[in-house]
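Listed here are the chains, written in short residue letters.
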Amino acid sequence: MIETDGLVHRYDETAAVDDVSLTIDDGEAVAVVGANGSGKTTLVRHFDALLEPDEGSVRVDGRDVTEEPVYARTRVGMVFQNPRDQFVAGTVGADVAFGPENLGLDRTEIDRRVDEALAAVEMAGRGDERIDRLSGGEQARVAVAGALAMEPDHLVLDEPLVGLDRSTCESVLEHLRSLSASGTGLVVVTHDLRDVVDLVDRVVGMGDGRVVLDAETERALDRLDEAGVRDPRC
Ligand code: ADP
């Protein structure tokens, strides 16, 4: 479970996240939507203690993330917008193995996790391939596999569909749906709810650093219907 309580984050005088209290249960699939600059990325970076709160607190399973960042990072996997920013190794297998290796797991367990994570994103058997030779869509899938190999309770994806062509977009959504069905919680940051309407149960809308909407997807869609923008794009 991820909880923020009165979370405030300031980059300068203005608060990018302004008094956000939110609870995300294990297994929930949540979209965090809002215009560019509304504070979505800043909010989710706090879930893994990648930023420090100016006010308030963030807990994962009741444990304060500032005090126990390693715990938070094992339970909450992050996939950033540009996968190239998060690769640490030259080949697919080495990169996906990096997280589990840092948990000090034995080789058999690491290999099992790498194989499972690559299979989950349809990259099985491609561990020896160089990441810089992969397409953008394949790199996005390797980034997801790297987070999955940690076997997190929640997977946070920041704009996972931006820049993907239609068929890659559909395949990424398909993978996320099956992950969600198998019990992994999802937090999908997006500026366009249409991308993830079929994936999420709940929509948290951000505006100027605050939560301006927190509703089941159907209810959130009713509002979008009024605005005439319900159709998914991919
Ligand atoms: P979103 O993910 O919704 O686009 P962000 O969390 O990236 O929103 O940004 C929220 C606000 O904080 C914006 O006004 C943005 O310009 C500002 N901001 C984000 N990152 C930084 C940073 N590293 N330094 C200064 N301001 C930032």
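Since we're looking at a predicted model, the values are computed, not measured.

1. Focus on helix H5 (residues 136–148)
Piece 1. Under the 1.5 Å per step criterion, the end-to-end length of H5 is 18 Å for 13 residues, consistent within 8% with the ideal 18 Å.
Piece 2. Most of H5 sits out of view: 12 of its 13 residues are buried.
Piece 3. Tucked inside the fold, the buried residues of H5 contact strand E6 (76–79), helix H3 (92–102), helix H4 (107–120), strand E7 (154–158) and helix H6 (166–181).

2. Observations concerning the environment of Asp165
Piece 1. Within the fold, Asp165 resides in the loop between E7 and H6.
Piece 2. Distance from Asp165 to Gly136, taken between C-alpha atoms, is 9.6 Å for residues 29 residues apart in sequence.

3. Comments concerning the sheet that holds strand E3 (residues 29–33)
Piece 1. Strand order across the open sheet formed by six strands is E6-E7-E8-E3-E9-E10, with mixed pairing between neighbours. Both outer strands of the open sheet, E6 and strand E10 (210–216), are each paired with one neighbouring strand and no more. Ignoring which end each strand starts from, the neighbouring axes of this sheet average 15° apart.
Piece 2. Here E3 pairs with strand E9 (residues 202–207) via four bridges, running parallel. Each residue of the ladder has a partner; that of Val32, found in E9, is Val204.
Piece 3. Strands in contact with H5 are E6 and E7; relative to E6, the strand with the most contacts, it is inclined by about 165°.

4. Considerations on H4
The periodicity of an α-helix, 3.6 residues per turn, causes residues three or four places apart in sequence to face the same way.
Piece 1. With 14 residues, H4 ought to run about 20 Å at 1.5 Å a step, and its terminal C-alpha atoms sit 20 Å apart, in line with that.
Piece 2. Taken as a whole, H4 has its buried residues at Ile110, Arg113, Val114, Ala117 and Leu118. Along the axis of H4, the buried residues cluster in a sector spanning 125°; they form a single face. The exposed residues of H4 that point more than 90 degrees off its buried face are Thr108 and Asp115.

5. Points about the pairing of strand E2 (residues 15–24)
Piece 1. Relative to E2, strand E1 (residues 2–10) runs antiparallel, the two sharing seven bridges. Of the residues in E2, the one forming a bridge with Leu7 is Val20.
Piece 2. Hairpin geometry of E1 and E2 is characterised by an intervening segment of four residues between the two adjacent antiparallel strands.

About the criteria used
Residues numbered from 1 in each chain as written. Predicted model: local features only at pLDDT ≥ 70, side-chain atom pairs only at ≥ 80, totals over all residues. Heavy atoms only, no water. Helix = DSSP H or I, 4+ residues; strand = E, 2+ residues; numbered from the N terminus. Expected span 1.5 Å × (residues − 1). Buried < 20%, exposed > 50% of the residue type's maximum accessible area, 1.4 Å probe, protein only. Contact = heavy atoms within 4.5 Å. Pairing = 2+ DSSP bridges. Axes fitted to C-alpha atoms, helices over the stretch in contact; angles between N-to-C directions. Arc of directions from axis to C-beta.

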